[in-house]
Amino acid sequence: MEAAELRCTAAVEQPLPGGLGPRRRLMRDATVLLGRNELRQPVLRVAGGSGAAAAVLSFVLAGDAVRLFTRFAGEGRAAVRVAPDGAQVLLSDCPPDALRRFLRLLRLKVAAGSQDAPPRPRLLDRPPPSFSVISPVQERDLPCGPGRRRAGEERGERPAEVPRAERRPPARLSAEQEAVLRAVRSGKSIFFTGSAGEGPRRLSSTPRGKSRPLLTCCFSLEGTGKSFLLKRIVGSLPPNVTYPTASTGVAACHIGGTTLHAFAGIGSGKAPLEQCIQLAERPGVRQHWLACQHLIIDEISMVDGKFFDKLEAVARAVRKRDEPFGGIQLIICGDFLQLPPVCKANEETKFCFQAKSWRKCIHINMELTEVRRQTDKTFVSLLSAIRLGRCTEEVTRQLMQTAAHRSERDGILATRLCTHKDDVEITNERRLQQLPGEVHVFEALDSDPMLVKLIDAQCPVGGRVELKLGAQVMLAKNLDVSQGLVNGARGVVVGFESEQKGLPKVRFLCGVTQLIKMEKWIIKGPSGVHLSRQQLPLKLAWAISIHKSQGMSLDCVEISLSRVFESGQAYVALSRARSLAGLRVLDFDPKVVRADPAVLQFYRHLRRHQLLSQDLLHTHSEADEKENWKCN
């Protein structure tokens, strides 16, 4: 019955007689229930307030009168018109995923109507008033369900229109994934990391104030990977007190958030602590620090440990609370064996796990080892070795053999991953100029032209896209996952429509030829302002930087590793490929494969304590069994 109940802020607006403005009743921490009355009619019940202000309001949902306004459901807001006179219930501060489930159930139940209800009794036979929580979605509720179709045809009616996406139940998390979600909902601060390694997935729990994991529980988390799990976590928390952030703008855009530096409002964090606190005390920034209850940080490997310590001290000072991070729940993810923090040549790299405040802030550590991007076991094993900085003769042989792989299929070339941004720009500009024909220019439509630099930093596509016939491109957004039109899908421009906009037609490696239309990205700017960019979801793909490739799965990749300059950089580049067959490595040198010794020690330390905790649990379990045997 979870989908039938919603905890949020509710405002009920009811028109007054005589054409006066509506009467508005605001209920914070309201409970909104979807149920049925004694006549089996769908009913929306809103209960909230306390003491003399407590109220319970119920509205019968007649199919013709009900309208849903769901444009901002992704932000936890929606409106339900519940009566023909315009009475409506405004919902806000809802966890987006819970709101979507609630609205889907409401829509389907209202569309299904009262076809299974008994005939309306006469007034004298009316049963006593009742209210029961509505049942979950059943087959007969769906417009394509057999019972629903027959009932509509018999009455000569057309079933209520339900969006195509809602005609099938949404994908469910596995039991193990639900356990991870419950750990987040418990309020503990979590760090979870993904790897391409072997072994079970483990959860280690550290009670507040302790420095070492004391309890380890094993999980086998089947399913959809770190990024999808992170988005589900974001969707399960109230948006008004949840702040998704990431170390880079592109990663932040993927989860609908902002950069960690933009949220913190303290610049680079290199100023003295007192000055950083003053910056965070500015009105717009301070408001976020005080409102935040859940801070999400993605791609944690690129966050400097000194900056993390500064944030922790600022949080306590601004929020005036001595708890770690000022009482904010941290939900942190990333892989420290990938790209390290960016620092100057004369500065020492300090990872977040080396920060003084790391252990007191993080209560749960979870390692995810199942590989989602690659399905080739040989390739998975190779990546596991590369990730740990091991380059055996067999690994070297396999990677050097890829130099003979074809770099072109059906006119689509492999994307070259480069270590330096300058190489990417030069390569793409030169190859575009070499193509014959007219250049087609597509300018972005930005919501605030004064903040173009901020939008550029967080949006995966540029403000100006230049294309020609034959240009190598890649998608920068999921358009149709079922057809393979996903972020990172490779293609070639095969034409332009003749209409005024001249939109490009792209043939993709998956075999689909698609007219590419403008898409919109929503970006969080300073002070929580929402910015947007409308642009083609395409970028030139002769070359792309290793940093910009994070989070992508590429069909065909060509990599030059001769200029690798950071630990983990070779692993990030190689792991972008979906398979060994779609990978071509040029000028490979085993010396470029390396992992930071401090990171390797961190993971060894983590696993050692996990295994020790498992042994302790096993020992206690055996002792309990012996004691029980003696007692019996």
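S.K.: It is not clear to me how the overall build of the protein chain should be interpreted in this structure. Could you clarify?
M.R.: The secondary structure content of the protein chain amounts to 16 helices and 32 strands. Counting only residues that meet the buried cut, the protein chain has 49% of its 632 residues in that class. A fraction of 70% describes how many contacts in the protein chain between residues 6 or more apart in sequence connect residues 24 or more apart. Total accessible area computed for the protein chain in this model is approximately 31,500 Å², and 51% of it derives from carbon and sulfur atoms.

S.K.: Please explain helix H9 (residues 305-319) as it appears in this structure.
M.R.: Note on helix geometry: an α-helix contains 3.6 residues per turn, so any two residues three or four positions apart are oriented the same way. Counted at 1.5 Å a residue, the expected span for H9 with its 15 residues is 21 Å, and the 21 Å between its end C-alpha atoms agrees. Three or more residues of H9 are buried, namely Gly305, Phe307, Phe308, Asp309, Lys310, Leu311, Glu312, Ala313, Val314, Ala315, Val318 and Arg319. Those residues of H9 hidden inside the fold are in contact with helix H6 (260-264), helix H7 (273-280), helix H8 (283-291), strand S15 (329-333) and helix H10 (358-361). N-cap assignment for H9: the residue whose side-chain oxygen lies 3.0 Å from the backbone N of Lys306 is Asp304. Downstream of H9 by one or two residues, Lys320 has phi in the positive range, about 55°.

S.K.: Got a minute to help me understand the sheet that holds strand S30 (residues 543-545) in this structure?
M.R.: Hydrogen bonds along the backbone pair up the strands of a sheet, which may run parallel or antiparallel. An order of S30-S19-S31-S32 is seen for the four strands of this open sheet, with the pairing classed as parallel. Since the sheet does not close on itself, it has two edges, and those belong to S30 and strand S32 (583-586), each with one partner. Each strand of the sheet is rotated relative to its neighbour by a mean of 25°, with strand direction disregarded. In this sheet, strand S31 (residues 557-560) lies alongside strand S19 (residues 415-418) in parallel orientation, the contact comprising three bridges. Following the sheet pairing, Leu417 is matched in S31 by Ile559. Those strands touched by helix H13 (residues 421-434) are S19 and S30, and its axis lies near 165° from that of S30.

S.K.: In this structure, what is going on with empty space enclosed by the protein? I would like to understand it.
M.R.: Regions of empty space are outlined by a rolling probe, equal in size to a water molecule, passed over the atoms. Inspection of every chain in the model, using the stated rule, returns two cavities of 30 Å³ or more. Looking at the second largest cavity, its volume works out to about 30 Å³. Around the second largest cavity, the lining residues are Ile386, Gly568, Gln569, Ala570, Tyr571, Val592, Val593 and Arg594.

S.K.: Help me understand the pattern of salt bridges, please; the structure alone is not making it clear to me.
M.R.: Opposite charge on two side chains lets them pair, provided their charged atoms get close. Under the counting rule described, the total for this entry stands at 18 salt bridges. When the shortest N-O distance is used, the salt bridge between Arg321 and Glu323 registers 2.4 Å. As a salt-bridge pair, Arg387 and Asp335 come within 2.9 Å of each other at their nearest N and O atoms. In this pair, Arg387 is assigned in helix H11 (residues 377-387) and Asp335 in the loop between S15 and H10, connecting sequence segments 52 residues apart.

S.K.: Just to check I follow, could you spell out the nonpolar core for this structure?
M.R.: Buried together is how nonpolar side chains tend to be arranged in soluble globular proteins. Membership of the largest hydrophobic core comes to 43 residues, with the highest contact counts inside it found for Trp289, Leu295, Phe325, Leu330, Ile332, Phe336 and Trp358. Top contributing element to this core by residue count: H9, with six residues. Contacts of Phe336, omitting those with residues within four sequence positions, involve Phe191, Ile300, Ser301, Phe351, Cys352, Phe353, Trp358, Val599, Phe602 and Tyr603. Judged by nonpolar contacts, the second largest core, of 34 residues, contains Ala4, Ala73, Val80 and Val89.

S.K.: Explain the pairing of strand S25 (residues 504-508) to me, please; I cannot follow it from the model alone.
M.R.: Each regular strand carries side chains that alternate between the two faces of the sheet. Taking every second residue as pointing to the same face, the buried face of S25 carries Pro504, Val506 and Phe508, while none of Lys505 and Arg507 on the other face is buried. Sheet analysis places strand S24 (residues 490-496) next to S25, joined by five bridges and oriented antiparallel. Bridge pairing in S25 places Val492 opposite Arg507. Of the pairings in the sheet, the one linking S25 to strand S26 (residues 513-515) comprises three bridges and is antiparallel in character.

S.K.: Could you clarify how one ought to interpret the packing of H7 against H9 in this entry?
M.R.: Between two packed helices, both the angle of their axes relative to each other and the distance between the axes serve to describe the pair. One can describe the packing of H7 onto H9 by two numbers: an axis separation of 10 Å at closest approach and a directional angle of 55°. As judged from the angle between their axes, H7 and H9 are oblique. Between H7 and H9 the crossing geometry is right-handed. Residues Leu273, Cys276, Ile277 and Ala280 of H7 form the contact with H9, whose own contacting residues are Lys310, Ala313, Val314, Ala317 and Val318. Residues belonging to the contact of H7 with H9 are distributed by class as follows: eight nonpolar, no polar and one charged.

S.K.: Which parts of the structure should I look at to understand the environment of Lys548?
M.R.: You can see Lys548 is positioned in the loop between S30 and S31. Distance from Lys548 to Lys421, taken between C-alpha atoms, is 9.1 Å for residues 127 residues apart in sequence.

S.K.: Quick question: what am I supposed to make of the packing of aromatic side chains here?
M.R.: Each pair of aromatic rings is reported with the distance of its centres and the angle of its planes. Per the stated rule, a full pass over the model turns up 14 aromatic pairs. Measuring from centroid to centroid gives 4.9 Å for Phe336 and Phe353, while their planes differ by 80°, and the two rings are edge-to-face. Within this pair, whereas Phe336 is found in the loop between S15 and H10, its partner Phe353 is found in the loop between S15 and H10, the two being separated by 17 residues in sequence. Ring centres 5.4 Å apart and planes at 70° place the aromatic pair Phe602 and Tyr603 in the edge-to-face group. Residue Phe602 is classed as buried on the basis of its relative accessible area, which comes to 13%. Feature note: the residues Phe191, Phe308, Phe325, Phe336, Phe351, Phe353, Trp358, Phe602 and Tyr603 constitute an aromatic cluster, connected by ring pairs. Note that Arg77 overlies the ring of Phe72, its terminal NZ or CZ placed 4.7 Å from the centroid.

S.K.: Help me understand the packing of H8 against H9, please; the structure alone is not making it clear to me.
M.R.: Contact pair H8 / H9: the axes reach a minimum separation of 10 Å and the direction vectors enclose 90°. Here H8 lies roughly perpendicular to H9, going by the angle between them. Listed contacts from H9 to Arg286, Trp289 and Leu290 of H8 are Leu311, Val314, Ala315, Val318 and Arg319. Class assignment for the residues of the contact of H8 with H9 results in six nonpolar, no polar and two charged.

S.K.: It is not clear to me how the sheet that holds strand S21 (residues 445-446) should be interpreted in this structure. Could you clarify?
M.R.: As summarised here, the arrangement of the three strands in space is S21-S28-S27, forming an open sheet in which the pairing is antiparallel. With one partner strand each, in any of the chains shown, S21 and strand S27 (519-524) form the two edges of the open sheet. Direction of pairing for S27 relative to strand S28 (residues 530-535): antiparallel, over a ladder of six bridges. Residue pairing for S28: Lys520 is matched across the bridge by Gln534.

S.K.: I'm lost on the confidence of the model for the protein chain in this one. Help?
M.R.: Parts of the prediction with low pLDDT should not have their coordinates interpreted in detail. With 78% of its residues at a pLDDT of 70 or more, the protein chain has an overall mean of 79. Low pLDDT, under 50, characterises residues 196-224; the predicted model gives this stretch 92 contacts beyond four residues in sequence or across chains. Under a pLDDT of 50 for its full length, residues 624-632 has, in the predicted model, zero contacts with residues more than four places off or in other chains.

Calculation notes
Residue indices begin from 1 for each chain and proceed along its sequence in written order. Selection of residues for local features in this predicted model requires a pLDDT of at least 70, selection of side-chain atom pairs for listing and counting requires 80 or more, and totals for whole chains, interfaces and linings are taken over all residues. Side-chain metrics in this entry use all non-hydrogen atoms of the structure; hydrogen atoms and water are not considered. Only runs of H or I of at least four residues qualify as helices and only runs of E of at least two qualify as strands under DSSP, and these elements are numbered from the N terminus. Throughout this description, buried means an accessible area under 20% of the type-specific maximum (1.4 Å probe, protein chains only), exposed means over 50%, and partly exposed covers the range between. Note on contacts: a residue pair qualifies if any of its non-hydrogen atoms lie within 4.5 Å across the two residues. To measure how exposed things are, a 1.4 Å probe is used in the Shrake-Rupley method; for residues, cover is taken only from the protein chains shown. Multiplying one less than the number of residues by 1.5 Å gives the expected span of a helix. Polar contacts, as used here, are pairs of N or O atoms within 3.5 Å; protein pairs need one atom able to donate a hydrogen and one able to accept it. Residues neighboring in sequence count only if both atoms are side-chain atoms. For two strands to be treated as a pair, DSSP must find no fewer than two bridges joining them. Geometry is summarised by axes, namely lines fitted to C-alpha atoms with helices restricted to the contacting stretch, and by angles between N-to-C directions that run from 0 to 180 degrees. Any residue with an atom within 4 Å of a point lines the site, the site being either a cavity, points on a 1 Å grid over the protein atoms alone where a 1.4 Å probe fits but cannot get out, or a pocket, an open set with protein on both sides within 12 Å along at least 5 of 7 lines. Grid points are joined across faces, edges and corners, and a volume is the space filled by probe spheres set on the points. Within this document, salt bridges are pairs made up of a side-chain nitrogen of Lys or Arg and a carboxyl oxygen of Asp or Glu, the two lying within 4 Å of each other. Here, nonpolar core refers to any group of buried Ala, Val, Leu, Ile, Met, Phe, Trp, Tyr and Cys residues whose side-chain atoms link them within 4.5 Å. We call two directions roughly parallel when the angle between them is under 35 degrees, roughly antiparallel when it is over 145, roughly perpendicular when it lies between 65 and 115, and oblique otherwise. Here a crossing is called left-handed whenever its near helix is offset anticlockwise from the far helix by less than a right angle, and right-handed whenever the offset is clockwise. Only Asp, Glu, Lys and Arg are considered charged in this grouping, and only Ala, Val, Leu, Ile, Met, Phe, Trp, Tyr, Cys and Pro are considered nonpolar; every other residue, Gly among them, is considered polar. To pair, rings of Phe, Tyr and Trp, with the six-membered ring standing in for Trp, must have centres within 6.5 Å; the planes then decide the type, stacked if under 30 degrees apart, edge-to-face if over 60, and tilted in the middle. In this scheme, Lys NZ or Arg CZ marks a charge over a ring once it lies within 6 Å of the ring centre and within 35 degrees of the ring normal. Confidence of the predictor at the level of single residues is given by pLDDT, which spans 0 to 100.

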